[in-house]
Amino acid sequence: MTGIPKRLLADDEDVVMAMRPHWKEMVGPVLVLLVTCPAATYLATVAPDGDAQPWLRLAVAVLAAVIVLRFTVWPFVKWLTTSYIVTDRRIITRVGVVARTGRDMPISRINDVTFQHSGILERILGCGTLVVESAGERGQLVLRDVPHVEEVQRDVYRLAEADEERRRGGGRDYDTSTDIR
C-alpha cells in the first residue's frame with residue numbers, strides 16, 4: 001500500500017486511507033508489453049540471413065525497448081509515484097516521477113464531496129473521479145481513477161463532519177451525561 005512518511009504528518013494526525021489510482025490504468029501498458037515482446041521476438045527470428053541480420057535484430061530490439069520503456073515502464077512508474085492519502089486532518093496528493101507535485105487540502109475546509117463514474121466500465125470496477133470542493137482559494141481538488149470511489153466519497157464526507165463537530169466542541173470530547181446546556 002502507498003503511504004506518506006510519518007515525519008510529514010502532524011503528531012496527532014492519523015492516516016485513514018492511502019491509495020494509488022485504480023489498477024485499470026495499467027491495462028493498456030500491460031497490453032503493449034504483451035504485444036510488443038512476442039512481435040519483436042518474431043521479427044528478430046524471421047530476419048533474413050546475411051550480413052544485415054545482426055543489424056536488423058538490433059534495430060528490432062532497440063525499437064521494442066523504446067516502445068516498452070515509453071508505453072509500459074513510464075506509465076507504471078507514473079502510476080507507482082502517484083499517491084492519494086486521506087488523514088483525519090487533510091487530503092494529500094503526490095504526483096510525479098522526476099518533478100513532483102503535491103497538494104494538501106485541510107478536511108476543515110471541505111464544502112462538498114462528489115464522485116463520478118465516466119462510463120459503465122468504471123461503474124463495474126468501482127472506480128471514478130472524486131471532486132472535493134474547498135472553501136480555500138484553490139477551490140477544487142480532483143482525484144482521477146480513485147478505487148472504491150463511492151466509499152472514499154462517503155468516508156471523506158464523514159471525516160469532514162467529524163472534524164466540524166470536533167471544532168465546534170472546542171477540540172474537547174464532551175461527556176454527554178454531564179453536559180449541561
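That block above? That's the structure.
These numbers come from a predicted model, not from an experiment.

### A look at the sheet that holds strand β3 (residues 90-95)
Piece 1. The four strands are arranged β1-β2-β3-β4 in an open sheet whose pairing can be described as antiparallel. Both edges of this open sheet fall to β1 (15-19) and β4 (101-106), since each of them pairs with a single strand only. With direction set aside, neighbouring strand axes in the sheet form an average angle of 10°.
Piece 2. Taken together, the four bridges between strand β2 (residues 83-87) and β3 define a ladder with antiparallel strand orientation. Residue pairing in the sheet places Ile 85 in a bridge with Ile 92 of β3.
Piece 3. Its contacts with the sheet place helix α4 (residues 149-168) against β1, β2 and β3, and it is angled at close to 150° to β1.

### Things to note about the packing of aromatic side chains
Piece 1. For the structure on display, the rule yields one aromatic pair.
Piece 2. One residue, Arg 20, lies across the ring of Trp 79, its end atom 5.6 Å from the ring centre.
Piece 3. Across from the ring centre of Phe 71, 4.9 Å away, lies the NZ or CZ of Arg 70, which sits over that ring.

### A word on the pattern of salt bridges
Piece 1. Throughout the structure, instances matching the rule amount to twelve salt bridges.
Piece 2. Two residues, Asp 155 and Arg 154, come together in a salt bridge whose shortest N-O distance is 3.3 Å.
Piece 3. Here Glu 165 makes a salt bridge to Arg 168, at a shortest N to O gap of 3.5 Å. Highlighted residues: Glu 165 and Arg 168, both in helix α4, separated by three residues, approximately one helical turn.
Piece 4. By sharing partners, the salt bridges in this structure join Glu 13, Arg 90, Arg 94 and Asp 104 into a single network.

### Focus: α4
Piece 1. With 20 residues, α4 should cover 28 Å at 1.5 Å per step; its first-to-last C-alpha distance of 28 Å lies within 8% of that length.
Piece 2. Burial in α4 covers these residues: Val 149, Val 152, Val 156, Leu 159, Ala 160 and Asp 163. Burial along α4 is one-sided: seen end-on, the buried residues are contained in an arc of 100°. Turned more than 90 degrees from where α4 packs its buried face, Glu 165 and Arg 168 sit exposed.
Piece 3. Where the residues of α4 are buried, they touch β1, β2, β3, β5 (110-116), β6 (128-134) and β7 (140-146).

### Quick look at the side chain of Thr 93
Piece 1. Counting through the fold element by element, Thr 93 comes out in strand β3.
Piece 2. Given the relative accessible area of 8%, Thr 93 is considered buried.
Piece 3. Beyond its immediate stretch of four places on either side in the chain, Thr 93 contacts Ser 83, Tyr 84, Thr 101, Gly 102, Arg 103, Leu 141 and Leu 143.

### Overview of the environment of Arg 89
Piece 1. Position of Arg 89 among the secondary structure elements: in the loop between β2 and β3.
Piece 2. When the C-alpha atoms of Arg 89 and Val 15 are compared, they prove to be 8.8 Å apart, with 74 residues separating the residues in sequence.
Piece 3. Other than its neighbours up to four places away in sequence, Arg 89 contacts Asp 12, Glu 13, Pro 106, Ile 107 and Arg 166.
Piece 4. At 3.3 Å, the side chain of Arg 89 and the side chain of Asp 12 are in polar contact.

### Let's talk about the pairing of β2
Piece 1. With respect to burial, β2 is a largely interior element, five of its five residues being buried.
Piece 2. Where burial is concerned, the two faces of β2 agree: the one with Ser 83, Ile 85 and Thr 87 and the one with Tyr 84 and Val 86 are both buried.
Piece 3. Across four bridges, the pairing between β1 and β2 is antiparallel. Note that in β2 the partner of Val 15 across the bridge is Thr 87.

Rules and cut-offs
Residue indices follow the written sequence of each chain, beginning from 1 at its first position. Only residues with pLDDT of at least 70 are given local features in this predicted model, and only at 80 or more are side-chain atom pairs given and counted; all residues enter the totals for whole chains, interfaces and linings. The basis for every side-chain value is the complete set of non-hydrogen atoms in the structure, without hydrogens or water. Whether two strands pair comes down to DSSP finding at least two bridges between them. Strands are runs of DSSP state E lasting at least 2 residues, helices are runs of H or I lasting at least 4, and numbering of each runs from the N terminus. Where helices are involved, their axes are fitted lines through C-alpha atoms of the stretch in contact, as for all axes, and angles between N-to-C directions lie from 0 to 180°. Pairs of residues are marked as contacts when any of their non-hydrogen atoms sit within 4.5 Å. Stacked, tilted and edge-to-face are the three classes applied to pairs of Phe, Tyr and Trp rings, where Trp contributes its six-membered ring and a pair requires centres within 6.5 Å; stacked means planes under 30 degrees apart, edge-to-face means over 60, and tilted covers the rest. Charges are assigned to positions over rings by a cutoff of 6 Å between ring centre and Lys NZ or Arg CZ, combined with an angular limit of 35 degrees from the ring normal. Salt bridges are counted wherever a side-chain nitrogen of Lys or Arg sits within 4 Å of a carboxyl oxygen of Asp or Glu. One less than the number of residues in a helix, times 1.5 Å, gives the span that helix is expected to have. Classification of residues uses two cut-offs on accessible area relative to the type maximum, computed with a 1.4 Å probe and protein chains only: under 20% is buried, over 50% is exposed, and between them is partly exposed. Directions from the helix axis toward the C-beta atoms define the arc. Contacts described as polar in this section are N or O atom pairs within 3.5 Å, which, within protein, must combine one atom able to donate a hydrogen with one able to accept it, while residues neighboring in sequence count only if both atoms come from side chains.

Purely geometric numbers; function is a separate question.
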